[in-house]
Amino acid sequence: MQLSEKELEVLEILEKDARISTQDLSKMVGVEIEEAEQMMHKLQDLKILVRHTSIVDWSKVDDHEGVTAMIDVKVTPKRGVGFDEIAERIYRFKEVKSLYLMSGAYDLSVIIEGKSMNEVARFVSQKLSTLDSVLSTTTHFILKKYKHDGTIFEQTDDDKRIVVSP
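Nothing here was measured: the structure is a model prediction, and the numbers come from that model.

Caption draft 1: Region of interest: the packing of aromatic side chains. Under the counting rule described, the total for this entry stands at one aromatic pair. Both rings, one in phenylalanine 93 and one in phenylalanine 123, keep their centres 5.4 Å apart while their planes meet at 90°; by these two values the pair is edge-to-face. Here phenylalanine 123 lies in helix 5 (residues 117–128) and phenylalanine 93 lies in the loop between helix 4 (84–91) and strand 2 (96–101), a separation of 30 residues in the sequence. A relative accessible area of 2% means that phenylalanine 123 is categorised as buried.

In structure tokens form, the structure reads like this:
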């Protein structure tokens, strides 16, 4: 799908700030408000603009327990459908937040969220590894997020000036 320069600019702005008002967006792109709205509707209809999201730093919320895991999965692709069929079976699990086809030693990278490490372990042992095409898995638990989707967590405002003493 070939997009105009203005449509590309709208996508780039919305990717950085999905909460921007249509009025501000139209000013930034240099079009009328109605035209900006039409572009957004077109991009949504074409399923290019898929979803508006917020990034939450859950580590700052008391009593919010949970773990995120990245699971590398080696699978046997099926003739005629490749990785698509097994990928669809995996992404339909409610625990799965993201799924990517990868190059390298593993075929798929699955991001899941659970309430505990045990819940993640049960998902891997009872749901994921029991699928016919799955040959092996490697699970990595995320211990701390420093940056997510371009947003840096825990920015410090340390004084970077050199200390001068007599």
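Once the structure has been displayed, the description carries forward.
Caption draft 2: Representation of the nonpolar core in the model. Ranked by internal contacts, the top residues of the largest apolar core, which has 18 residues, are Ile71, Val73, Ile90, Ile112 and Phe123. No other element matches strand 1 (residues 67–75), which puts five residues into this core. Other than its neighbours up to four places away in sequence, isoleucine 90 contacts Val96, Leu99, Leu108, Val110, Leu128 and Leu131.

Caption draft 3: Just the sheet that holds strand 4 (residues 134–141), in detail. What the four strands build is an open sheet, ordered 2-3-1-4; its pairing is antiparallel. Of all the strands in the sheet, just strand 2 and strand 4 have a single pairing partner and so form its edges. Across the sheet, the mean angle from the axis of one strand to that of its neighbour is 20°, orientation sign disregarded. Sheet contacts for helix 4: strand 1, strand 2, strand 3 (108–114) and strand 4; angle to strand 2, the most-contacted strand, approximately 165°.

Conventions we followed
Residues numbered from 1 in each chain as written. Predicted model: local features only at pLDDT ≥ 70, side-chain atom pairs only at ≥ 80, totals over all residues. Heavy atoms only, no water. Phe/Tyr/Trp six-rings, centres within 6.5 Å; stacked < 30°, edge-to-face > 60°. Helix = DSSP H or I, 4+ residues; strand = E, 2+ residues; numbered from the N terminus. Buried < 20%, exposed > 50% of the residue type's maximum accessible area, 1.4 Å probe, protein only. Core = buried A, V, L, I, M, F, W, Y, C linked by side-chain atoms within 4.5 Å. Contact = heavy atoms within 4.5 Å. Pairing = 2+ DSSP bridges. Axes fitted to C-alpha atoms, helices over the stretch in contact; angles between N-to-C directions.

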